[in-house]
Amino acid sequence: MSINPSALERVRAFEREQAMKLSAEGRPLFHLTPLVGWMNDPNGFCFYKGQFHLFYQYHPFSRQWGPMHWGHAVSGDLLHWTYMPCALAPDTAADAGGCFSGSAVPLPDGRLLLAYTGVQPAGTFRRETQAQCVAVGDGTDFEKSLLNPVIRHAHMPVGYSEFDFRDPKAWMGPDGRLRMVVANRHEKRQGTVLLFSSAEGLNWEFMGEIDASCEEYGRMWECPDFFALDGKQVLLVSPQEMHAREEFHAGYGTVAIVGRWDEKDCRFERETVQPVDHGLTFYAPQTTLAPDGRRIMIGWMDNWETCKEAPRRHPWYAQMSVPRELAVEKGRLVQRPVREIQSLWRDTVIHDRVTVREETALEGVKGRLLDLSVTLYPADSACRRFTLRVAKDSAHYVLVRCDLARGELVFDRSHGGSHRDIAHTRHVPAEVRDGRLTLRLLMDRESVELFINGGERVVTSLIPTPIAADGVTFEADAPVCLSVEAHHLG
Ligand code: FRU
């Protein structure tokens, strides 16, 4: 039953009005931002009718989180996005408290199924509850099922929560039946990922629990994703309230569990556990399969702990990460920016095997729209410490320092222009391998995404640094040989 049938139309009218007023100025070149207002998690990432669709958690009316809608954009190359009208508004009894995160699956009949979290507002004696809803449409307009919510608390064994039950990620199984993973907070095991299946998307059967935090990797797990890749099975989750351990930092984390999957027994066996991204601003990633077989992941380039403090300089707030191609190599998840990025390469500057010591700028290597690769060859050098500074002027810089002896890299944006007492640094393993260490930095005005050693580890961070700070310098504690390839992006 619709409590406000025109809510979506009102949002769409507001978007049309805003689209006429807003300029592209200040927007990143290739990172998706919301048309207007607030954005968080990527939702419904899929390839449908010849283009990539990306939906997102959206509050059009302010630059703060609010009643959740689904924004929508489409792209042919994952870099240039065209806005579509808002896809979902919280306008039915099943989702009046918000249309939270979810996913999209093209159906055999040619329609697109959206699976999302319907939040039901708190009553006088009850907290807000969460359940899974569906809507079906043509890629622009979606009709919510009158049967929503189609997966409720009653679908699960005892012990699972009706308050923390969200973020359905659905896909089509090889047998033509739909599968869906959903996050739930179990009273004992905390964050868990549950599996459901369905013939048509309306009647869902509980198949079992895939994995659980058991307080080891945070409490509630958000935004699960589950897929086969390179002969392994990968589970992605975004835990809340993690403790720092191994390579994980405290707070909101991203976890990739690589293992083996036996669907028959609903048994997932962990082999390796690693952070998806070590950066200051990366959360809630979601993947899709491209028509050419690539598994592509995109994340919210932000963090719940710090976003409230972040400056609101534009009529929109927040960005997605660059879409990344995933692979499993030597049992670990590896990521690289989508190869389409090469279409943005303009002027290329190469410095092959130069030696640096004192802080040095290299001819033609500067800017805030850059795809910069640095290969360090420390083998014949006494160099123990190498420092790269980007977004630099006389007052600011963002620092990447490699401690070669310890095999550790520090990313530090403390001098990047923030006046907030929040986390600005991350320490990440970064080892010299076969005589070299490679760093690839993708810079798009207000962000840096650093891919270490071919994407073995990634550090993603927004930087508040004034755009005029565009210097890049190299420094080492002893002469060291390096090669630099800088592609200016346009
Ligand atoms: C993750 C998250 C999801 C939820 C959404 C609400 O960032 O908390 O679990 O569905 O954001 O906007």
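(A) Spotlight on the pattern of salt bridges. Counted according to the given criterion, the structure contains 37 salt bridges. A salt bridge links R339 to E325, with the shortest nitrogen-to-oxygen separation between them at 2.8 Å. Taken as a pair, R339 in the loop between β21 (332-337) and β22 (345-356) and E325 in strand β20 (residues 324-329) lie far apart in primary sequence, 14 residues in all. The class of E325 is buried, set by a relative accessible area of 12%. The residue D371 makes a salt bridge to R440 at a minimum N-O spacing of 2.7 Å. Of the two residues, D371 sits in strand β23 (residues 369-377) while R440 sits in strand β28 (residues 437-444), which places them 69 residues apart along the sequence. Using a relative accessible area of 1% as the deciding quantity, one classes D371 as buried. Each of the salt bridges in this network shares a partner with another, and the network as a whole consists of D211, E216, R245, E246 and R270.

(B) Up close: the site of the ligand. In the region of the ligand, the neighbouring residues are N40, D41, Q57, W65, M68, F100, S101, R166, D167, E222, Y283 and W304. D167 is positioned such that a nitrogen or oxygen atom in its side chain is 2.6 Å from an oxygen atom of the ligand. Separating an oxygen atom of the ligand from a side-chain N or O atom of E222 is a distance of 2.8 Å. Taking 320 Å² as the accessible area of the ligand by itself, protein coverage stands at 95%. Contributions of two or more residues to the shell around the ligand are made by β1 (37-48), β5 (98-106) and β9 (160-172).

(C) View of the sheet that holds strand β2 (residues 51-59). Taken in spatial order, the 5 strands line up as β4-β3-β2-β1-β19 in an open sheet, and their pairing is mixed. Where the open sheet ends on each side, the last strands, each with one partner, are β4 (82-88) and β19 (316-317). Summarising the sheet, β2 and strand β3 (residues 69-75) pair through 7 bridges and their orientation is antiparallel. Its bridge partner lying in β3, F52 is registered against S75. Together, β2, β3 and β4 form the strand contacts of helix α1 (residues 7-21), whose direction differs from that of β4 by roughly 160°.

(D) Structural context of the state of the cysteines. One pass over the structure, following the stated rule, counts 0 disulfides. With no disulfide of its own, C214 lies closest to C266 among cysteine sulfurs, the gap being 15 Å. Summary of cysteine pairing: C402 is not part of a disulfide, and the nearest cysteine sulfur, belonging to C383, is at 8.8 Å. Overall, C402 belongs to the buried group, its relative accessible area being 1%.

(E) How the structure looks around the sheet that holds strand β25 (residues 398-403). Spatial ordering of the open sheet is given by β27-β26-β25-β24-β31, a layout of 5 strands whose pairing is antiparallel. Edge positions in the sheet fall to β27 (425-429) and β31 (471-476), since each of these pairs with one other strand and no more. Here the strands of the sheet are splayed against their neighbours by 15° on average, with no regard to which way each runs. In the sheet, β25 pairs with strand β26 (residues 408-412) via 5 bridges, with the strands oriented antiparallel. Bridge pairing in β26 links V400 to F411.

(F) Seen up close, the domain arrangement of the chain. According to the domain assignment, the chain contains domain 1 (7-337) and domain 2 (343-489). Each of domain 1 and domain 2 has a C-alpha centre, and the two are 31 Å apart. Opposite the 34 residues of domain 1 that make contact, domain 2 presents 33 residues. Summed over both sides, the interface between domain 1 and domain 2 buries roughly 2,900 Å², with carbon and sulfur atoms accounting for 56% of that surface. Three residues, L29, H278 and L280, lead the burial of domain 1 against domain 2; their summed loss comes to 24% of the area buried on that side.

(G) Main features of α1. The end-to-end C-alpha distance of α1 is 22 Å, a good match for the 21 Å that 15 residues give at a rise of 1.5 Å each. Burial in α1 covers these residues: A7, L8, V11, R12, F14, E15 and Q18. One face of α1 carries all of its buried residues, which in axial projection span an arc of 160°. Among the exposed residues of α1, those pointing more than 90 degrees away from its buried face are R10, R16 and M20.

(H) Up close: the pairing of β9. Two strands pair when backbone bridges link them, and β9 and strand β10 (residues 178-186) are joined in this way by 7 bridges, in the antiparallel orientation. Residue pairing in the sheet places R166 in a bridge with A183 of β10. Count of turn residues in the β9/β10 antiparallel hairpin: 5 residues, of which G176 carries a positive phi of about 80°.

Conventions adopted
Residues numbered from 1 in each chain as written. Predicted model: local features only at pLDDT ≥ 70, side-chain atom pairs only at ≥ 80, totals over all residues. Heavy atoms only, no water. Salt bridge = Lys/Arg side-chain N within 4 Å of Asp/Glu carboxyl O. Helix = DSSP H or I, 4+ residues; strand = E, 2+ residues; numbered from the N terminus. Buried < 20%, exposed > 50% of the residue type's maximum accessible area, 1.4 Å probe, protein only. Near = heavy atom within 4 Å. Polar contact = N/O pair within 3.5 Å; in protein donor to acceptor, adjacent residues only side chain to side chain. Areas by Shrake-Rupley, 256 points an atom, 1.4 Å probe, with all protein chains shown as cover. Pairing = 2+ DSSP bridges. Contact = heavy atoms within 4.5 Å. Axes fitted to C-alpha atoms, helices over the stretch in contact; angles between N-to-C directions. Disulfide = S-S within 2.5 Å. Domains from an automatic or database assignment. Buried area = accessible area lost by both parts, 1.4 Å probe. Expected span 1.5 Å × (residues − 1). Arc of directions from axis to C-beta.

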